[in-house]
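Working through the structure, step by step
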Amino acid sequence: MRKKIVAGNWKMNTLLKDGMELAKAVEKLEKEKTSDALVIIAPPFTHLSRVKELIEGVKLAAQNCASEEAGAFTGEVSPDMLRSVGVEYVILGHSERRAYYGEDDELLNKKTKLALAKDLRPIFCCGEVLEEREAGKLFDVIKEQLSVGLKDLTREEMANVVIAYEPVWAIGTGVVASPEQAQEMHKFIRDLLAGLFDKEVADNMTILYGGSCKPSNAAELFANPDVDGGLIGGASLKAEDFLAIANAY
Ligand code: PGA
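First things first, this report covers the structure right here in the doc.

What follows covers the packing of aromatic side chains. Geometry of an aromatic ring pair is reported as the spacing of the ring centres plus the angle between the planes. As enumerated under the stated definition, the model contains three aromatic pairs in all. Relative to Tyr101, the ring of Tyr100 has its centre 6.4 Å away and its plane inclined at 80 degrees; by these criteria the two rings are edge-to-face. Exposure remark for Tyr100: the relative accessible area of 62% places this residue in the exposed category. For Tyr101, a relative accessible area of 54% translates into the label exposed. Above the ring of Tyr101, the side-chain terminus of Arg97 is found at 4.2 Å from the ring centroid.

This brings us to the environment of Met12. With respect to the helices, strands and loops of the structure, Met12 is situated in the loop between strand 1 (5–9) and helix 1 (16–31). Taking the C-alpha atoms as reference points, Met12 and Lys143, 131 residues apart in sequence, are found 29 Å from one another.

What follows is about the sheet that holds strand 7 (residues 206–210). Spatially, 1-2-3-4-5-6-7-8 is the arrangement adopted by the eight strands of the closed barrel, whose pairing is parallel. Averaged over neighbouring strand pairs, the angle between their axes works out to 25 degrees when direction is ignored. Sheet analysis places strand 7 next to strand 8 (residues 229–232), joined by two bridges and oriented parallel. Looking at strand 8, one finds that Tyr209 is bridged to Gly230.

Counting 61 residues, the largest nonpolar core has Ile41, Leu150, Ile163 and Ile189 as its most contacted members. Once residues within four sequence positions are removed from consideration, Ile163 is found in contact with Phe124, Cys126, Leu146, Leu150, Ile189, Leu193, Met205, Thr206, Ile207 and Leu208.

Attention now moves to the state of the cysteines. Inspection of every chain in the model, using the stated rule, returns zero disulfides. Lacking any disulfide linkage, Cys125 is separated from the closest cysteine sulfur, that of Cys126, by 7.6 Å. With relative accessibility at 1%, the residue Cys125 sits in the buried group. Cys213 takes part in no disulfide bond, and the closest cysteine sulfur to it belongs to Cys125, at a distance of 14 Å.

Time to look at the site of the ligand. Close to the ligand lie 13 residues, the nearest being Lys11, His94, Glu166, Gly172 and Ser212. Contact between the ligand and Ser212: an oxygen atom at 2.7 Å from a main-chain N or O atom of the residue. One nitrogen or oxygen atom from the main chain of Gly233 is found 2.8 Å from an oxygen atom belonging to the ligand. Notes on the ligand: free accessible area 280 Å², of which the protein chains cover 95%. Partitioning the shell around the ligand into residue classes produces four nonpolar, seven polar and two charged.

About the cut-offs
- Residues numbered from 1 in each chain as written.
- Predicted model: local features only at pLDDT ≥ 70, side-chain atom pairs only at ≥ 80, totals over all residues.
- Heavy atoms only, no water.
- Phe/Tyr/Trp six-rings, centres within 6.5 Å; stacked < 30°, edge-to-face > 60°.
- Buried < 20%, exposed > 50% of the residue type's maximum accessible area, 1.4 Å probe, protein only.
- Lys NZ or Arg CZ within 6 Å of the ring centre and 35° of its normal.
- Helix = DSSP H or I, 4+ residues; strand = E, 2+ residues; numbered from the N terminus.
- Pairing = 2+ DSSP bridges.
- Axes fitted to C-alpha atoms, helices over the stretch in contact; angles between N-to-C directions.
- Core = buried A, V, L, I, M, F, W, Y, C linked by side-chain atoms within 4.5 Å.
- Contact = heavy atoms within 4.5 Å.
- Disulfide = S-S within 2.5 Å.
- Near = heavy atom within 4 Å.
- Polar contact = N/O pair within 3.5 Å; in protein donor to acceptor, adjacent residues only side chain to side chain.
- Areas by Shrake-Rupley, 256 points an atom, 1.4 Å probe, with all protein chains shown as cover.
- Nonpolar A, V, L, I, M, F, W, Y, C, P; charged D, E, K, R; others polar.

If you want it as structure tokens, here you go:
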């Protein structure tokens, strides 16, 4: 069954104290929410174990993980380490990781496979930049990102993957994709998954939209048949806004 999910990507924001306050506020509002959406938060690594103690209904995600299991990889955080502090999801392939840290589709495929092997559920991001959209290459870009990023995954593994379509031109810009643009791409992604895997995998896949999603535009985005929720950046830093989005179904 396809889940409705609203996930908050805090990025490199909040010090520990503020992050703990935010997590508490999200947990409180989650208890009062009116929709059946699953609420996930992705605080910075440094906050994860403390935040975990404050949440119950809200699920915990990391914003990245290593592509290696353990060993001499200075500065990296392994999937096992994340699991050991109660993390259940991991955002992989965010456009900021791709653009600023050179993460390519092959590396993301390696991370995705390792995360799944370690019982972490990837929230796998894809998205085109504006030039690619304007040049009419948007579908080719998404096809490449997903077919390489999800290469050799089994149907069973795909049941633990969430996909997030985040047009790069919409991230943090205040320019949101129109409901038609979101639906068009989400449908394309679902059809692509049916071809790469099968129809059951495609029908059961939760596909989130991300990029300037706010309380004011969430309802019209989520009303689309192939949009199953949102990956929220800026608006996830305010508990009221974030939960208003979760209630927008
Ligand atoms: P935004 O970010 O909501 O601030 O546009 C979304 C994201 O990067 O996941």
